[in-house]
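Examining the three-dimensional arrangement
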Amino acid sequence: MELYPIFLNLTDKKCLVVGGGKVAERKVNALARCGAKIHVVSPQLTPGLQDMVNRGLVMHRRGIYQTSDLEDTFLVISATNNDATNHAVANDCMKRNIVVNVVDDPPRCSFFVPSVVHRGSLKLAISTGGSSPRLAKLIRKRLERDFSPVFGEFTDFLNTVRKQVQEQVTDPNKREQILKNLVDETTFDLVKHGDLDKAKERVNNVCYINRCQS
Ligand SMILES: C[C@@]1(CC(=O)O)c2cc3[nH]c(cc4nc(cc5[nH]c(cc(n2)[C@H]1CCC(=O)O)[C@@](C)(CC(=O)O)[C@@H]5CCC(=O)O)C(CC(=O)O)=C4CCC(=O)O)c(CCC(=O)O)c3CC(=O)O
Ligand SMILES: NC(=O)C1=CN([C@@H]2O[C@H](COP(=O)(O)OP(=O)(O)OC[C@H]3O[C@@H](n4cnc5c(N)ncnc54)[C@H](O)[C@@H]3O)[C@@H](O)[C@H]2O)C=CC1
């Protein structure tokens, strides 16, 4: 099976997590950083999840899963330690065309959660297609060493420059020329070695030189 990798906008979308254990807590944390409206249904919660409920970041219904929990739900993660519940959640979601992840049952998942390097709006997501989550985690740790937080700052800078070019350069050929040349391997290496100022200077030069050419 070939998986289609996408980055979802979950802002204000109801996401249901069934179960309140440590795996549920990890998945809730990933959803919380994306602004999802998180609902958890579970008889118990980890202290970390309880804390999020107390801070108003997560809504919690104490009890076991029931089909009505799916109302108005965009995405579901079933993270219980109970096979029968996980199967029921998967079947209910499939019937309703709700995307679902069942943490201990890859064949019943309509999506897998990747391992992610977070560098601001730059995200490097790794999946092994369920073959080895441990390998995905190892690769994430390697990439975290290779891609320092400077990459996040540089990505924000590129966002600003790109928007300026799109707004200010009206000639489509010139605009394309600038956007295509904005970053190259040399600039990438400067960022990699932590020389953000030089990297930004190179980007600014691309804009300046191309805009000056008639
Ligand atoms: C299919 C998938 C479904 C899903 O959860 O989306 C799934 C399934 C399963 N995981 C299991 C075990 C472990 N999972 C981890 C860790 C992570 N698991 C994550 C994702 C995924 N796990 C999806 C596939 C991702 C891909 O495509 O590669 C990560 C990347 C994302 C996240 O969860 O946030 C996160 C790392 C985050 C990070 O740190 O970067 C570790 C490592 C550890 O704990 O150190 C172990 C123990 C070592 C091992 O087993 O490899 C088991 C057996 C359970 C059991 O038998 O008890 C199953 C069920 C099965 O395989 O049948
Ligand atoms: N996909 C992944 O990344 C990983 C998956 N797993 C699997 O994930 C599952 C959960 O692991 P943990 O969080 O460590 O377990 P856990 O035992 O800490 O938590 C299970 C939670 O499910 C709740 N629960 C049980 N029945 C329920 C029901 N009918 N309705 C609602 N909630 C219910 C319990 O109250 C508890 O909060 C296990 O099956 C484990 O094998 C384990 C490691 C990684």
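Residues numbered from 1 in each chain as written. Chains lettered and ligands numbered in written order. Predicted model: local features only at pLDDT ≥ 70, side-chain atom pairs only at ≥ 80, totals over all residues. Heavy atoms only, no water.

**Comments concerning the site of ligand 2**
In the neighbourhood of ligand 2, 21 residues make up the surrounding shell, with K22, V23, R26, T85 and V103 lying closest. Within the backbone of Q44, an N or O atom sits 3.4 Å from an oxygen atom of ligand 2. A distance of 3.0 Å separates a nitrogen atom of ligand 2 from a polar atom in the backbone of Y65. For ligand 2, the accessible surface in isolation is 880 Å², of which the surrounding protein chains cover 71%. Broken down by secondary-structure element, the contributors of at least two residues to the shell around ligand 2 are α1 (22-32) and β2 (37-42). Ranked by residue count, the leading element in the shell around ligand 2 is α1, at 4 residues. Of the residues belonging to the shell around ligand 2, the class tally is 8 nonpolar, 9 polar and 4 charged. (Near = heavy atom within 4 Å. Polar contact = N/O pair within 3.5 Å; in protein donor to acceptor, adjacent residues only side chain to side chain. Areas by Shrake-Rupley, 256 points an atom, 1.4 Å probe, with all protein chains shown as cover. Helix = DSSP H or I, 4+ residues; strand = E, 2+ residues; numbered from the N terminus. Nonpolar A, V, L, I, M, F, W, Y, C, P; charged D, E, K, R; others polar.)

**A word on the pattern of salt bridges**
Within the structure shown, the criterion is met by 7 salt bridges. Across the salt bridge formed by R55 and D51, the nearest N and O atoms sit 3.0 Å from each other. D51 gets classed as partly exposed once you look at its relative accessible area, which sits at 34%. Note that E176 is salt-bridged to K180, the shortest N-O span being 3.0 Å. Taken together, the residues span about one helical turn, with E176 and K180 both in helix α6 (residues 172-181) at a distance of 4 residues. Of the residues examined, E176 reaches a relative accessible area of 42% and is grouped as partly exposed. (Salt bridge = Lys/Arg side-chain N within 4 Å of Asp/Glu carboxyl O. Buried < 20%, exposed > 50% of the residue type's maximum accessible area, 1.4 Å probe, protein only.)

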